[in-house]
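Listed here are the chains, written in short residue letters.
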Amino acid sequence: MHAVTTVAEPAELLRRLRPDSVTHIERVPTRAGETVPWPAWVPPRLREAFAARGVTEPWRHQAEAANHAHAGRHVVVATGTASGKSMAYQLPALTAMLEDPRATAIYLAPTKALAADQLRAVAALDIDGVRPACYDGDTPREEREWIRQHSRFVLTNPDMLHHGILPGHASWQTFLRRLRFVVVDECHTYRGVFGSHVAHVLRRLRRAAGRYGRTPVFVLASATSGDPATSAKRLTGLVVEAVTEDASPRGGVTFALWEPPLVHSYEEGGDAAPVRRSALRESADLLADAVTNGVRTLAFVRSRRGAEAVATMARRSLDEAVPGLGARVAAYRGGYLREERRELEAALHSGELLGLASTNALELGVDLVGLDAVVICGWPGTRASLWQQAGRAGRNGHEALAVLVARDDPLDTYLVHHPEALFGRPVEATVLDPSNPYVLAPQLCSAAYEAPLTRADLPLFGPDAAAVLDELVADGILRRRPSGWYWTGEGRPEVDLRGTGGVPVCVVEAATGRLLGTVDPASSHFMVHSGAVYLHQGESYVVDTLDLDDAVALVHREEPEWSTHARDVTSLSVASVRSYVDAGPVGLFFGDVDVTSQVVSYQRRRIGSGEVLGTWPLDLPTRELRTTAVWFTLSPQSLEAAGVEDVPGGLHAAEHAAIGLLPLVATCDRWDIGGISTAAHPDTGAPTVFVYDGHPGGAGFAERAYKIAVSWLQATRDAIDGCACETGCPSCVQSPKCGNGNNPLSKPDAVRVLDVVLTSLPR
Ligand SMILES: [Zn+2]
Ligand SMILES: [Zn+2]
């Protein structure tokens, strides 16, 4: 084995790298952490239990959140990864249980694994008579009855609450009668349609507890985000205090933002436009440089294929420099056995392995200490993930290095040029829309099944509940009696918490019959059309057939050299305006729209270079979507005065970039939103750009965009203007999912269009 002797300080590495690709260096200082004395109300027994676990005093944010909850105020604690949010609910809940030997609490996690983790933490505190227990789909029947009768701390998930606990509330009455706290962990994961459903599941829990005379206190834990109090209020329907100042200690990190250089794409075989060097290649180079310098480095890549490509490229260039050095880089994928993971940890620990490229699978399950640097290939979607990944670097108080490599995408480009959006106050919010009628209707049916709905229940479900109930009665789904609304169906209402009423498409491996996952109907035409490359937990599959009647896509394992990109044609009509801003030549609107779209073809693009390998036609039916949208109109005169030459191109380019930047203000991904732009829309009579929610009834994304339009459109304008390309590229105005093949597009006119909007809208 080749010995590497020069172990550089990670920050020193930066100086040796290509400095013109670094757009910003942020030194995130070491934070010492601030403890406070235990709140006076915490019983000695509980303090001792924490002391036995090595916790002598709480961090300030832990005590602050616990104080709110103990005083009966609903609270959300929104602080960084590993800041000890669990204590915020453990203190008040376990105190209540020590003081009242009958008090109970319910804890909800988005995953069974997290619930199991928290079970261990609570059990380790060893408080007599709490008898914490997980209650989920894996809990054996014979244990369930015991848990209902004897456990006072039940850990479960929203699905179990919806499918098992609430419909069977009568058998939970002992527990519900004593319910003091409801804990909602990782509550930022309840977003979009799923979040909107969970919001009603929580309302149903409040109603069930209310029937037994309880009004439990809610304690929520969230990743850092913009406006956690508002999100928590939407999720629970309650006024919630927010604790956002993180007082836990943190190691120092030098954070570099990195933008790959523009290259001429003929080098990589595409058409003539300039493109950026791929983030994968840049990450591979960074990994190789780091390994050459003896810096232990982990590269996070979004797909397994990408992770393997990064490892292979890094190995190759290392072997060219020093034969044998390549062996010190490995790729990691999910699904390793326990021993394999331990071997990997040991190899990294001993320095035998210096570089590792991994998918995010590594966020769970492997304990890596002693890393010097982390390379993050592409914006991981949220700040929470960014910090989680960056947090992997740093050992024994050494300064760590993190590098975010921008992909060719408007949001990544914006972020590497606007560090304040990453290191300043967050604006990305978790959005959901419990008033969505496609969510509200099935949830009201579930509530009516659990117990007839009365007039007094209606405020709990929001101002739209009465109208939706009328429709359910008219459709014969509920029956109206003097005493309330009754479920008339046989058995329980069927509700899919992750869908919106449509049947999800099952993705099945043809050879084995194994169900890999489901895709909601709205995205199925895009994601699992025949010929589509479908990624599942980093593994690559190709779709053989999509059967829409049976809602099944049959796939086989294959890792082709290309990715697939579906293309559609879309039209939109305005159904109603809910709210608007009249700003002279500019109008900003939020309302309901009908979108008609058809996926007509797909492209294959070579992985790495993006070269288009060809276009294949598809024969899929049109889809109708009633949803919510945000849109803005501009008068033709204002566009002319601003010097806009190509109106359709300017609007279209602005639309693409606006969609690309929406995740900056609302946590969503590209399947959650769509857009359309036109120089003369029949319903507005003016040049218009629409951005709509991709799910029936809307999931809150368009509404959030409307409410924060100035910040959103300003960021969009800056992203376009700040891009170094001349005529538009995938980093600014081109979109990988454009139904029109990115034509027409005018980058300079997009900036002019947005300038007109921004100077007109009130700040
Ligand atoms: Zn550009
Ligand atoms: Zn387009």
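Structure report, in brief. (Residues numbered from 1 in each chain as written. Chains lettered and ligands numbered in written order. Predicted model: local features only at pLDDT ≥ 70, side-chain atom pairs only at ≥ 80, totals over all residues. Heavy atoms only, no water.)

1. Side note on the coordination of the zinc ion (ligand 2)
Stage number 1. Looking at the metal site, the zinc ion (ligand 2) is ligated by H652 (NE2), H656 (NE2) and C738 (SG), spaced 2.0 to 2.3 Å from it.
Stage number 2. Binding-site remark: the zinc ion (ligand 2) is held by donors from one chain whose sequence spacing is H-x3-H-x81-C. Residue H652 and its partner H656 are located together in helix α21 (residues 647-661), separated by four residues, close to a single helical turn. When sorted by exposure, H652 lands in the same class as H656, which is buried. (Donors = N, O, S within 2.8 Å, 3.2 Å for Na, K, Ca; no water. Helix = DSSP H or I, 4+ residues; strand = E, 2+ residues; numbered from the N terminus. Buried < 20%, exposed > 50% of the residue type's maximum accessible area, 1.4 Å probe, protein only.)

2. Structural notes on the sheet that holds strand β7 (residues 217-222)
Stage number 1. Pairing is parallel across the open sheet formed by seven strands, whose spatial order is β4-β5-β3-β6-β7-β2-β8. With one partner strand each, in any of the chains shown, β4 (133-134) and β8 (241-243) form the two edges of the open sheet.
Stage number 2. Pairing geometry for strand β3 (residues 104-108) and strand β6 (residues 179-184), over five bridges, is parallel. Paired with A105 across the strands is F181, a residue of β6. (Pairing = 2+ DSSP bridges.)

3. Points about the pairing of strand β16 (residues 400-405)
Stage number 1. Counting buried residues in β16 gives six out of six residues, a clear majority hidden from the surface.
Stage number 2. Residue alternation in β16 divides its side chains into two sets, A400, A402 and L404 and L401, V403 and V405, and both sets are buried.
Stage number 3. Sheet topology note: the strand β9 (residues 253-258)/β16 ladder contains six bridges and is parallel. Opposite W258, over in β16, you have V405 as the bridge partner.

4. Considering α21
Stage number 1. Spanning 15 residues, α21 covers 21 Å between terminal C-alpha atoms, matching the ideal 21 Å at 1.5 Å per step.
Stage number 2. Buried residues dominate α21, accounting for 13 of its 15 residues.
Stage number 3. Two or three places before G649, at the opening of α21, D646 has a side-chain oxygen 2.8 Å from that residue's backbone nitrogen. (Expected span 1.5 Å × (residues − 1). Polar contact = N/O pair within 3.5 Å; in protein donor to acceptor, adjacent residues only side chain to side chain.)

5. Here's the deal with the pairing of strand β18 (residues 484-487)
Stage number 1. Pairing between strand β17 (residues 478-481) and β18: four bridges, direction antiparallel. From the neighbouring strand, R481 faces β18, where its bridge partner is G484.
Stage number 2. In this structure, the hairpin formed by β17 and β18 is closed by a connection of two residues.

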